[in-house]
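Commentary on secondary and tertiary structure
Here's the letter readout for the chains.
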Amino acid sequence: MTASSNRYRFAGLMALALLAPGALAQDIPAPTGAPISLLPSPQPLEPTIEPAPVQAAGEDVVAPVPAGDARIPRGVMVEELKAQDPELAGTLGPDNGGLPPDLWRELPRADVEALVAGIPAGLTSPALRHAASSLLLTSADGLGSGEKTRDFAALRAEALLRIGDADGADSLRNVAPAVLSDEGAALAWLEMQFFAGNRQAACDQAPGLLSRFQHPVWQKWHIICQVANGQTDAVYLTLDLMREQGDKDDLFARLAEGVVAGTKTPVRGVLEPTPTQLALILVSGRPFPPETKVSGPGPLTALARLTSLPLPQRLAAAERALALGGLNGAGLLSIHESVPEPDAKLLTLAAAKKPTPLLRAQVLKALRAEPTPAAKAGLFKVAMLASSAEQQAGAYGALLLEEARQFRLTVGFASIAPLVARLHLLQGEKTAALPWVNLARDDFNAGKDEGAFARLWPLAAAYDLVRETDFDRARWIKDLGGEAARDTADGVLILLSALHGGKDAPLPPLADGSAPPGQVKGAVLLDAINAMGKDGPVGTPALDMAEILTNLSRAGLPDQARRIGAEAIAGLLRPGA
């Protein structure tokens, strides 16, 4: 893989996605209408008579104010204030976690639409999801020229839902109400609301969406909501309408007919259901087949909450939903309520070497209930060793951090200081991490840390809390595991070099003096996200990651580069037992 900042690489690949948004295979007309000014019209003042201007040598003449129009002071240029274009509206700006408003810098509209449409589903990296959400929720100044294919706010909302950010999509809908006027975005919103447990909110919108759009998928959702609301007597009529529109989904039709007939036997022969098939199975009350394969943040969240499923299957679905952004920490804890009280003797460092979703749930539950600081520290270490860098950087790590905040910054907790510092850094808490980094460093200098600091200091160096030059490279490699760890060490140093040196090598401007494509912030960030995709920073080779980090720094996105780079470094330097 080559991680280039050339935005046109994705524009061509994603063009078809713009013509067929979501699961729909038809062009959707975009809403039209000029923005309405919210400012009151200025009231006329009493006219005054102004003396003619006296022109000094070499001075420009200011035209006199026309009689009867004395609202405008002489020599002042007036430009009408315009309301924010709803297409470009957002909830974030530079002061609250967003990007600068010129993030597209007049990039041609077709390129921007292709980049946003190309944001992949299935992002398991918290750093990438956070970067993508921040960009999609940023209020922008404008787009470049070009034909409008989709409403840009709707395109962004659909992308937010694709990466599991239902809250972000709802907040965007509040500032850009036209989002649900776009068929692709409306369908994505309805699906996410329904699977996230907000069935009534989804079904309340369904009739209006059915009347607005013509695709047969809306008749299916009408049937699903009829079943959910106990209106099964109307299902056959809707099925007839669905068939008249040319829909050939025989499996959905059979499932619907089974609901009307009152069938309660387990569903058979549905291995990979579509969203509408899955939704109908869920509202029918029929036993869910355990062998069914489900993907996507919404459907996985629905499975995790399905109490009729075996607990191991629910926990596996919950972890996958959490990784994709469809489930938050509170949702995970609600599912953990079904986990039986664990035997603390089984929650060992040895067990952490072969972790399962059940083990992680048991450790977290025991950790939250444990009142003794020393025992709590032991469980925290097991939880950290049993979880990945992505889990520690995401909602699971946030739950662990709530417990870690109770640890006292004393020598007695020095053995877990590297893990506490690591967790703070992966959660983006640089200031809170520093005293724990110092405590771990003191343990290292005393020769007591057994190599733990070797896996922490590069992560701290990524946040400029320590300097790479302070550490002997030969000893570091030895502490990591000797010659077997040399490739890992090389990869870490490559990433640190990119983080600390990328911004010092800016790209030259184009011949006309304009910024090069590699410095258009929105394009560079989306190129990076698309390049890493489902592999994320942890699964991307170090040399490719270095180029990505350099491009982000060059474009003026050092915070995004640091968070993404830290996740990659943490993935290379997993804590040892």
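What comes next concerns the included structure. The numbers attached to residues start from 1 for each chain and follow its sequence in the written order. Local features in this predicted model are restricted to residues whose pLDDT is 70 or higher, and side-chain atom pairs enter the listing and the counts only when it is 80 or higher, whereas totals over whole chains, interfaces and linings include all residues. Calculation of side-chain values draws on the structure's entire complement of heavy atoms; hydrogens and water are dropped beforehand.

1. Topic: the layout of surface pockets
Of the pockets and cavities examined, the largest pocket occupies roughly 820 Å³. A 1.4 Å probe that fits but cannot get out identifies a cavity on a 1 Å grid over protein atoms alone, an open set with protein on both sides within 12 Å along at least five of seven lines counts as a pocket, and a residue lines either if it has an atom within 4 Å of a point. Taken together, 32 residues form the lining of the largest pocket, with Gly164, Asp165, Gly325, Leu327 and Asn328 sitting closest to its centre. If you list the elements that add at least two residues to the lining of the largest pocket, you get α4 (126-136), α6 (166-175), α7 (183-195), α15 (329-336) and α20 (395-404). With five residues, α4 is the largest single contributor of residues to the lining of the largest pocket. Grid points are joined across faces, edges and corners, and a volume is the space filled by probe spheres set on the points. We count a stretch as a helix when DSSP gives it H or I for four or more residues in a row; a strand needs E for two or more, and each element gets its number in order from the N terminus.

2. Concerning the packing of aromatic side chains
Paired rings are identified among Phe, Tyr and Trp, the last through its six-membered ring, by centres lying within 6.5 Å, and are further divided according to the angle between planes into stacked (under 30 degrees), edge-to-face (over 60) and tilted (the rest). Throughout the structure, instances matching the rule amount to 12 aromatic pairs. Measuring from ring centre to ring centre gives 5.4 Å for Phe380 and Phe407, while their planes differ by 75°; the resulting arrangement is edge-to-face. Residue Phe380 is located in helix α18 (residues 373-385), and its partner Phe407 is located in the loop between α20 and α21 (417-426); the two are separated by 27 residues in the primary sequence. Side by side, Phe380 and Phe407 carry an identical accessibility label, which is buried. Judged by centre distance (5.0 Å) and plane angle (55°), the rings of Trp457 and Trp476 are tilted. Taken together, the residues Trp457 in helix α23 (residues 457-462) and Trp476 in helix α24 (residues 473-480) connect sequence positions 19 residues apart. You can call Trp476 buried: its relative accessible area is 3%. Aromatic rings pair up to connect Phe444, Phe453, Trp457, Phe471 and Trp476 into one cluster. The cut-offs for exposure are 20% and 50% of the maximum accessible area for each residue type, with area from a 1.4 Å probe on protein chains only; residues under the lower value are buried, those over the upper are exposed, and the others partly exposed.

3. Some thoughts on unusual backbone geometry
Its identity as a non-glycine residue notwithstanding, Arg105 has a phi of 40°, on the positive side. Look at Arg105 and you get partly exposed, because its relative accessible area is 37%. Positive phi, close to 60°, is recorded for Asp464, a residue that is not glycine. Mapped onto the fold, Asp464 is located in the loop between α23 and α24. When its relative accessible area of 45% is taken as the criterion, Asp464 is described as partly exposed.

4. With respect to the environment of Gly428
Mapped onto the fold, Gly428 is located in the loop between α21 and α22 (430-445). Along the chain, Gly428 and Ala393 lie 35 residues apart, while their C-alpha atoms are 8.3 Å from each other.

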